Amino acid sequence: MDIARAQQAIAAAAVTLVLWIACVASYLPPLVQHTTQSVLLMIATGMGIAICYVLHLVFVGIAARRLGRSPALWVIVSAVFMPIASIIGLVIFEWFSEQDKQAAA
């Protein structure tokens, strides 16, 4: 297991999750009027949602593989139960990596 490299993948997955949430939030009631008035903004946020979703799943798979977990299982669970499972999964990844760091020391 390469814990330091797994930390990079976990951080990247967290960033893409935050960006995904920001793009989705632009379609929620306080911002939906502003978002739907501009076709360019709708296209940009839609592309942001799609790109961040795919990148998030890729980084979750990379982190799972680097921590010695099953990448397919983590990616499927993260995809099906997005964003709640992704948040919980990132917390668990971080917990496992901290636990492995303490065991190595």
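Each remark here, short or long, concerns the structure printed above.
What you see is a predicted model; the values in this text were computed from it and never measured.

Q: An account of the overall build of the protein is requested, with residue identities and associated values reported.
A: Along the backbone of the protein there are five helices and zero strands. Along the protein, from the amino end to the carboxyl end, the secondary structure elements read α-α-α-α-α. Projected onto the principal axes, the alpha-carbon positions of the protein cover approximately 55 × 20 × 20 Å. Residues counted as buried form 31% of the 105 residues belonging to the protein. At a minimum sequence separation of 6, the contacts of the protein that also span at least 24 residues come to 66%. On the protein, the mean spot of the 5 positive side-chain charges and the mean spot of the 4 negative ones are 8 Å from each other.

Q: Got a sec to walk through the side chain of S78? Specific residues and values, please.
A: Within the secondary structure, S78 sits in helix α4 (residues 71–80). Polar contacts involving the side chain of S78 include one to the side chain of S86, which spans 2.6 Å. Excluding its chain neighbours within four sequence positions, the residues that come into contact with S78 are H56, L57, V60, A85 and S86.

Q: Could you give an account of the nonpolar core, naming the residues involved and the relevant values?
A: If you look at the biggest cluster of nonpolar residues, it comprises 16 residues, and the most contacted ones within it are I10, L90 and F93. Counting residues per element, the ones that place at least two in this core are α1 (3–25), α3 (39–66) and α5 (84–104). With six residues, α1 is the largest single contributor of residues to this core. Those residues in contact with L90, other than ones at most four positions away along the chain, are I10, A13, A14, L17 and H56.

Q: How would you sum up the state of the cysteines? Please name residues and give values.
A: Applying the stated criterion across every chain, the model contains zero disulfides. Looking at the unpaired C23, the closest cysteine sulfur is the one in C52, lying at 5.3 Å. Judged by relative accessible area, which is 15%, C23 ranks as buried.

Q: Tell me about the side chain of T45, residues and numbers included.
A: With respect to the helices and strands, the residue T45 is situated in helix α3. Beyond its immediate stretch of four places on either side in the chain, T45 contacts C23, S26, Y27 and T35.

Q: Account for the packing of helix α2 (residues 29–36) against α3, with residues named and values stated.
A: Packing of α2 against α3 brings their axes to within 7 Å, and their N-to-C directions diverge by 120°. For the element pair α2 / α3, the angle class is oblique. Within the contact between the two elements, α2 uses H34, T35 and T36 and α3 uses L41, M42 and T45. Considered class by class, the residues forming the contact of α2 with α3 number two nonpolar, four polar and no charged.

Rules used in this analysis
- Residues numbered from 1 in each chain as written.
- Predicted model: local features only at pLDDT ≥ 70, side-chain atom pairs only at ≥ 80, totals over all residues.
- Heavy atoms only, no water.
- Helix = DSSP H or I, 4+ residues; strand = E, 2+ residues; numbered from the N terminus.
- Buried < 20%, exposed > 50% of the residue type's maximum accessible area, 1.4 Å probe, protein only.
- Contact = heavy atoms within 4.5 Å.
- Lys, Arg positive; Asp, Glu negative; His and termini not counted.
- Charge placed at Lys NZ, Arg CZ, Asp CG, Glu CD.
- Polar contact = N/O pair within 3.5 Å; in protein donor to acceptor, adjacent residues only side chain to side chain.
- Core = buried A, V, L, I, M, F, W, Y, C linked by side-chain atoms within 4.5 Å.
- Disulfide = S-S within 2.5 Å.
- Axes fitted to C-alpha atoms, helices over the stretch in contact; angles between N-to-C directions.
- Parallel < 35°, antiparallel > 145°, perpendicular 65-115°, else oblique.
- Nonpolar A, V, L, I, M, F, W, Y, C, P; charged D, E, K, R; others polar.

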